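Remarks on the overall topology
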Amino acid sequence: IMLLTDPEIESSLLISSDEGATYQKYRLNFYIQSLLFHPKQEDWILAYSQDQKLYSSAEFGRRWQLIQEAVVPNRFYWSVMGSNKDPDLVHLEARTVDGHSQYLTCRMQNCTEANRNKPFPGYIDPDSLIVQDDYVFVQLTSGGRPHYYVSYRRNAFAQMKLPKYALPKDMHVISTDENQVFAAVQEWNQNDTYNLYISDTRGVYFTLALENVQSSRGPEGNVMIDLYEVAGIKGMFLANKKIDNQVKTFITYNKGRDWRLLQAPDTDLRGDPVHCLLPYCSLHLHLKVSENPYTSGIIASRDTAPSIIVASGNIGSELSDSDISMFVSSDAGNTWRQIFEEEHSVLYLDQGGVLVAMKHTSLPIRHLWLSFDEGRSWSKYSFTSIPLFVDGVLGEPGEETLIMTVFGHFSHRSEWQLVKVDYKSIFDRRCAEEDYRPWQLHSQGEACIMGAKRIYKKRKSERKCMQGKYAGAMESEPCVCTEADFDCDYGYERHSNGQCLPAFWFNPSSLSKDCSLGQSYLNSTGYRKVVSNNCTDGVREQYTAKPQKCPGKAPRGLRIVTADGKLTAEQGHNVTLMVQLEEGDVQRTLIQVDFGDGIAVSYVNLSSMEDGIKHVYHNVGIFRVTVQVDNSLGSDSAVLYLHVTCPLEHVHLSLPFVTTKNKEVNATAVLWPSQVGTLTYVWWYGNNTEPLITLEGSIAFKFTSEGMNTITVQVSAGNAILQDTKTIAVYEEFRSLRLSFSPNLDDYNPDIPEWRRDVSRVIKKALVEATGVPGQHILVAVLPGLPTAAELFVLPHQDPTGENKRPTEDLEQISELLIHKLNQNSVHFELKPGVQVLVHAAHLTAAPLVDLTPTHSGSAMLMLLSVVFVGLAVFVIYKFKRRVALPSPPSPSTQPGDSSLRLQRARHATPPSTPKRGSAGAQFAI
């Protein structure tokens with residue numbers, strides 16, 4: 001016995017080896033969330049901790065060893081006997097550091113990095129690993145669609161093949177019994193229903209078994225399919241199908257090959273006749289199974305009582321949540337009897353020889369009901385003297401058990417009570433051979449089910465004896481094969497005349513696509529025998545696939561894709577390309593692949609490329625990958641345009657600091673690295689509610705009103721999106737002046753944007769302190785590159801009262817004051833203790849400068865100097881000619897020695913009638 005302590009108090013295990021007489025405590029260094037015991041080795045345990053680590057113990061919890069960290073909850077499994085060579089092998093789904101999921105296997109006591117295996121290449125979808133019997137399932141989404149893969153008996157994974165246009169959104173594995181997969185698939189056009197599909201032995205090719213099965217959501221949001229596998233009879237299922245917004249219950253005895261409605265009872269509980277005519281009226285059952293081991297579900301059957309089914313439901317045209325009664329069938333669903341008018345929990349004791357029923361109620365009870373004749377008659381028994389609020393009922397384990405335990409409490413404040421009920425005293429003897437009668441399994445009189453006639457032993461209803469160990473079927477006799485023993489093969493559909501004909505999307509000759517000349521393949525007749533069907537002879541030979549020589553075929557349907565289905569690859573990393581051929585001789589075929597980067601390879605057959613072709617691209621760009629396939633009968637070709645990218649690390653938005661109203665502004669996104677592949681640019685500026693999307697890294701735009709505006713650019717590169725945001729000031733007019741600094745500032749200039757922003761703020765503060773000019777009139781932007789330079793902008797500012805109507809005169813006065821202070825070396829700041837930096841007026845500028853790149857290139861500086869020198873020459877010639885033609889008095893603001901600080905004033909859209917003041921000696925430029 002193992003007990004877990006309350007994790008809020010301590011993390012320990014209490015273990016008893018003497019049926020609970022004594023316990024020994026073992027402290028743990030982790031908190032257990034769930035345990036998984038080995039199906040064969042009773043001392044082997046897997047423990048899942050609250051911090052998502054998986055531990056193993058080979059000593060019934062006395063010692064533990066870490067297997068793996070970051071394990072997905074409930075996605076770990078023990079090896080399956082017969083499918084795995086090693087009984088201590090563990091299957092698990094683990095998350096990588098970057099959040100991907102992968103399927104791993106390792107030995108429980110030796111799960112090091114070197115000893116872990118990855119049976120499925122690459123990553124899988126989170127929470128998708130299923131290990132069940134001989135099958136392993138994983139899911140991988142690519143191109144927005146989920147793809148499902150299966151491994152049969154631990155062989156290589158193959159993609160599961162559903163009908164071409166099923167286009168599944170969701171899939172649940174229902175059953176893997178009898179070497180076959182029963183799956184519920186929600187297709188693209190379904191919301192609350194699923195279609196049932198059944199596979200071949202390998203679990204690869206699926207055919208439709210039943211459409212539109214009802215589904216619902218459980219208490220924790222899990223999907224619950226209204227499908228029930230009847231225990232004890234292989235191939236028998238019950239399902240609730242939605243037809244014209246009505247839910248009806250159907251039954252099958254041959255794994256979904258044929259379905260029919262349930263015949264309602266002939267009489268009700270009182271013996272009155274029930275008028276219910278198929279197909280307009282039938283019996284409908286609720287098929288939900290309880291997940292709580294202490295409560296019975298609303299439908300129940302047992303392997304050791306193969307003919308008995310107990311369920312709740314109703315009689316009528318559809319399934320209803322009202323007027324629910326309890327029904328029992330003692331002949332495997334052919335006929336039904338009503339046993340209670342309210343819901344009850346029913347337990348099977350003594351191989352179904354005793355049925356125990358307890359009413360579902362929120363009130364306390366003291367009675368239960370017993371039946372010794374498969375539910376035909378019931379006797380009332382008292383199990384407690386005080387009425388008990390029943391929380392659950394549990395049958396003791398073991399085939400011969402006649403003991404059940406009732407869990408409950410006498411009042412809402414009382415302790416939990418356990419009442420053990422032992423029925424052994426009811427029987428005075430064990431059953432003998434003469435107490436049994438033969439019973440033949442059938443479906444509405446048809447004795448051949450799943451290709452065999454099966455006869456079971458049943459206790460005679462009038463005999464009251466204890467059955468003991470279950471013996472199974474008395475005898476089984478194979479039947480002659482008929483058309484009913486065969487289902488439609490993959491790609492075929494059953495028509496109204498019963499024939500299986502190819503679906504419109506299916507080409508029967510495609511089955512030989514992997515076949516080479518000289519070999520043979522199984523040519524389908526359109527039928528396949530239902531898996532586990534035991535029929536012999538009859539039409540078996542007619543309907544069984546025939547070996548056929550492979551025909552020589554020219555290549556057709558050639559495709560080249562990446563292994564993950566994407567059209568992108570990362571520079572410097574392996575990309576795996578898969579060549580797929582719909583038809584053609586795969587052995588005698590020449591394949592030539594050109595990667596589009598000057599490298600090409602050749603192969604002599606497709607089988608040598610099963611694992612794909614790996615290639616590394618060393619440059620970014622769009623590459624045209626071509627594949628050519630040739631054999632003696634023809635050729636085919638295919639093209640893939642592959643986008644090779646590298647990660648985008650940084651985006652810098654370059655644009656002017658200040659501009660004038662209605663003037664075109666250029667904004668440029670500067671990238672690092674500069675070549676990253678195909679990009680999309682999303683621009684947000686002004687008051688636009690919709691972005692501008694471009695494939696170019698530059699745009700031009702205008703602002704029609706004054707104020708501060710924010711411009712944001714987002715750059716999309718693959719799965720990454722980076723952005724940068726800048727602010728630009730827009731005014732009717734402004735002044736600008738280039739600033740220089742004492743050379744010691746260059747020694748501390750790392751030439752990065754953050755440093756430039758901080759120093760710009762310090763310079764502005766120094767200018768405000770030296771001149772007394774309000775800060776809202778000044779904008780300073782340190783420019784990239786060395787020697788350190790900055791642009792000083794003098795901006796207009798209107799009082800909040802609106803009384804200041806002379807922005808031009810204000811700009812003139814502020815400009816003159818700033819020039820004066822700068823020329824007097826009155827502007828300086830302390831960069832760090834002992835480092836004083838002087839600010840000077842430098843050269844005139846004709847326009848505000850732009851912060852283009854983090855560093856200036858030599859060619860860019862040469863171009864800038866050339867433009868400045870040419871501009872100065874033109875300016876001097878222009879001034880000289882103007883002085884000769886139109887002599888004017890000297891400007892009162894021009895001081896001796898100021899010729900190097902001649903700065904031009906301009907005003908946007910100046911009316912022709914406005915006089916041009918100070919044209920010979922203006923000091924600031926726009």
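Predicted model, so just to flag it, every value in this text is computed and none were measured.

A short note on the overall build of the chain
- In terms of helices and strands, the chain carries four helices and 65 strands.
- Every one of the 926 residues in the chain was classed for burial, and the buried ones make up 45%.
- Within the chain, contacts between residues at least 6 apart in sequence are counted, and of these 51% link residues at least 24 apart.
- Split by element, the accessible area of the chain, about 47800 Å² in all, is 51% carbon and sulfur.

So, the sheet that holds strand β4 (residues 32-37)
- Across the sheet, four strands lie side by side as β4-β5-β6-β7; this open sheet has antiparallel pairing. Every other strand in the sheet has two partners, leaving β4 and β7 (65-68) as the edge strands with one partner each. With strand direction ignored, the average angle separating the axes of adjacent strands in the sheet is 30°.
- Bridge analysis of β4 against strand β5 (residues 45-49) gives five bridges, and the strand direction is antiparallel. In the strand pairing of β5, L36 is matched with L46.

Some points on the state of the cysteines
- All told, the structure shown has six disulfides when counted by the stated rule.
- In this model, C481 is linked to C535 through a disulfide, with the two sulfur atoms separated by 2.0 Å. Between C481 and C535, the disulfide has an S-S torsion of 95° and is therefore right-handed. With C481 in the loop between β38 (473-478) and β39 (486-488) and C535 in the loop between β43 (527-529) and α1 (540-543), this residue pair connects regions lying 54 residues apart in the sequence. Summarising the burial analysis for this pair, C481 and C535 share the class buried.
- Two residues share a disulfide in this structure: C488 and C500, whose sulfurs sit 2.0 Å from each other. Between C488 and C500, the S-S dihedral sits near -80°, and the bridge is therefore left-handed. In this pair, C488 is assigned in strand β39 and C500 in strand β41 (residues 500-502), connecting sequence segments twelve residues apart. Across this residue pair, the class does not change: C488 and C500 are buried.

A closer look at empty space enclosed by the protein
- Per the counting criterion, the structure on display carries four cavities of 30 Å³ or more.
- Here the residues of the lining of the second largest cavity sort into four nonpolar, two polar and three charged.

Describing the pattern of salt bridges
- All told, the structure shown has 29 salt bridges when counted by the stated rule.
- With a closest N to O distance of 2.8 Å, E10 and R27 form a salt bridge. Taken as a pair, E10 in the loop between β1 (2-4) and β2 (12-15) and R27 in strand β3 (residues 24-27) lie far apart in primary sequence, 17 residues in all.
- Among the charged side chains, a salt-bridge network with shared partners connects R257, D258, E483, D487 and R494.

Overview of the sheet that holds strand β64 (residues 828-832)
- Strand order in the open sheet formed by five strands is β62-β63-β61-β65-β64, and the pairing between neighbours is antiparallel. In this open sheet, the two edge strands, each paired with only one partner strand, are β62 (778-782) and β64. Adjacent strand axes in the sheet meet at a mean angle of 30°, parallel and antiparallel pairs treated alike.
- The pairing of strand β61 (residues 735-741) with strand β63 (residues 789-794) spans six bridges and is classified as antiparallel. Bridging across to β63, S740 finds its partner in A789.

As for the nonpolar core
- If you look at the biggest cluster of nonpolar residues, it comprises 27 residues, and the most contacted ones within it are L739, F741, I763, L767, L792, L822 and F829.
- Sorting the residues of this core by element identifies β61, α2 (753-771), β62, β63, α3 (807-823) and β65 (835-841) as the ones contributing at least two each.
- If sequence neighbours within four positions are ignored, I763 has contacts with L739, F741, V780, V782 and F829.

Concerning the packing of aromatic side chains
- Applying the stated criterion to the full structure yields 30 aromatic pairs.
- Lying across the ring of F250, K241 places its NZ or CZ 6.0 Å from the centre.
- In this arrangement the basic side chain of K457 is found over the ring face of Y436, its NZ or CZ atom lying 4.8 Å from the centre.

Describing the environment of D751
- The residue D751 is located in the loop between β61 and α2 in this model.
- Taking relative accessible area as the criterion, D751 reaches 14% and is therefore assigned buried.
- A sequence separation of 35 residues divides D751 from L786, and the C-alpha atoms of the two residues are 7.9 Å apart.
- A distance of 2.8 Å separates polar atoms of two side chains, one belonging to D751 and the other to R756.
- Among the polar contacts made by the side chain of D751, one reaches the main-chain amide nitrogen of G785 at a distance of 3.0 Å.

Topic: the environment of V354
- Mapped onto the fold, V354 is located in strand β30 (residues 354-359).
- Given the relative accessible area of 0%, V354 is considered buried.
- Excluding anything up to four places from it in sequence, V354 contacts L347, Y348, L349, L370, S371, F372, L402 and F427.

Points about the environment of P387
- On the secondary structure map, P387 appears in the loop between β32 (379-382) and β33 (389-395).
- In this structure, the C-alpha to C-alpha distance between P387 and I365, residues 22 residues apart in sequence, is 4.7 Å.

A closer look at α2
- The end-to-end C-alpha distance of α2 is 27 Å, a good match for the 27 Å that 19 residues give at a rise of 1.5 Å each.
- Buried within α2 are the following residues: W755, R756, V759, S760, I763, A766, L767 and T771. Projected down its long axis, α2 shows its buried positions confined to an angular sector of 130°, all on one face. Seen from the buried face of α2, the exposed residues on the opposite side, beyond 90 degrees, are R761, K765 and E769.

A look at unusual backbone geometry
- Cis rather than trans, the peptide bond between W672 and P673 has omega equal to -5°.
- Here L786 and P787 are connected by a cis peptide whose omega angle stands at -5°.
- Considering the arrangement of structural elements, one finds P787 in the loop between β62 and β63.
- If you check the backbone angles, D244 has positive phi at about 50° while not being a glycine.
- With respect to the helices and strands, D244 occurs in the loop between β21 (237-243) and β22 (246-252).
- Take D244: its relative accessible area is 72%, and that puts it in the exposed class.

Re the side chain of N195
- For N195, the position within the fold is in strand β17 (residues 193-199).
- Here N212 takes part through its backbone nitrogen, which lies 2.8 Å from a polar atom of the side chain of N195.
- Not counting residues up to four positions away in its chain, the partners in contact with N195 are A183, A184, V185, E187, Q190, L208, L210, E211 and N212.

Focus on the side chain of T105
- Take T105: it is sitting in strand β10 (residues 101-107).
- Owing to a relative accessible area of 6%, T105 belongs among the buried residues under this scheme.
- If we ignore the near neighbours within four places in the chain, the residues touching T105 are L89, V90, H91, N115, R116, N117 and P119.

Some words on the confidence of the model for the chain
- Predicted confidence across the chain gives a mean pLDDT of 84, with 86% of residues reaching 70 or more.
- By mean pLDDT, helix α4 (residues 858-885) is the weakest element of the chain at 44, and strand β24 (residues 282-285) is the strongest at 97.
- Low pLDDT, under 50, characterises residues 844-865; the stretch is placed with 43 contacts to residues that sit more than four places away or in other chains.

Quick look at a nonpolar patch on the surface
- Residues I1, L3 and Y23 make up a contiguous nonpolar surface patch of about 260 Å² in total accessible area.
- If you trace the backbone, I1 turns up in the segment before β1.
- Judged by relative accessible area, I1 falls into the partly exposed class, the value being 46%.

Conventions adopted
- The residue numbering used here restarts from 1 in each chain and proceeds along that chain's sequence as written.
- The predicted nature of this model means local features are confined to residues of pLDDT at least 70 and side-chain atom pairs, given and counted, to a pLDDT of 80 or more, with totals for whole chains, interfaces and linings taken over all residues.
- Side-chain metrics rest on all non-hydrogen atoms present in the structure, leaving aside hydrogens and water.
- Put simply, DSSP marks the helices as runs of H or I at least four residues long and the strands as runs of E at least two long, and each gets a number from the N terminus on.
- Relative accessibility thresholds used throughout: buried, under 20% of the residue-type maximum; exposed, over 50%; partly exposed, between the two (1.4 Å probe, protein chains only).
- In what follows, a contact means two residues having at least one pair of non-hydrogen atoms within 4.5 Å.
- Surface accessibility follows the Shrake-Rupley procedure with a 1.4 Å probe radius. Residue values consider only the protein chains on display as shielding.
- A pair of strands counts as paired when DSSP detects no fewer than two bridges linking them.
- Angles shown run from 0 to 180 degrees and are taken between the N-to-C directions of axes, each axis being a line fitted to C-alpha atoms and, for helices, limited to the stretch in contact.
- For the purposes of this analysis, a disulfide is any pair of cysteine sulfur atoms at a distance within 2.5 Å.
- Here a cavity denotes grid points, spaced 1 Å and computed from the protein atoms alone, that fit a 1.4 Å probe unable to get out, and a pocket denotes an open set having protein on both sides within 12 Å along at least 5 of 7 lines; residues with an atom within 4 Å of a point are the lining.
- Grid points are joined across faces, edges and corners, and a volume is the space filled by probe spheres set on the points.
- Think of it as three bins: nonpolar holds Ala, Val, Leu, Ile, Met, Phe, Trp, Tyr, Cys and Pro, charged holds Asp, Glu, Lys and Arg, and polar takes everything else, Gly as well.
- The rule for a salt bridge is simple: a side-chain nitrogen of Lys or Arg has to be within 4 Å of a carboxyl oxygen of Asp or Glu.
- The set of buried Ala, Val, Leu, Ile, Met, Phe, Trp, Tyr and Cys residues whose side-chain atoms join them within 4.5 Å is what this entry labels a nonpolar core.
- Working definition: a ring pair exists when centres of Phe, Tyr or Trp rings (six-membered ring for Trp) sit within 6.5 Å. Plane angles under 30 degrees give stacked, over 60 give edge-to-face, the rest tilted.
- For a ring to carry a charge above it, either NZ of a lysine or CZ of an arginine must fall within 6 Å of the ring centroid while also lying within 35 degrees of the normal to the ring plane.
- Within 3.5 Å is the distance limit for a polar contact, defined as a pair of N or O atoms, with the added protein rule that one can donate a hydrogen and the other accept it, and that residues adjacent in sequence qualify only through two side-chain atoms.
- One less than the number of residues in a helix, times 1.5 Å, gives the span that helix is expected to have.
- By construction, the arc corresponds to the directions joining the helix axis to the C-beta atoms.
- For every residue, the predictor states its confidence as a pLDDT score lying anywhere from 0 to 100.
- Nonpolar side chains (Val, Leu, Ile, Met, Phe, Trp, Tyr) within 5 Å and like charges within 9 Å form the patches, drawn only from residues with over 30% relative accessible area and no salt bridge.

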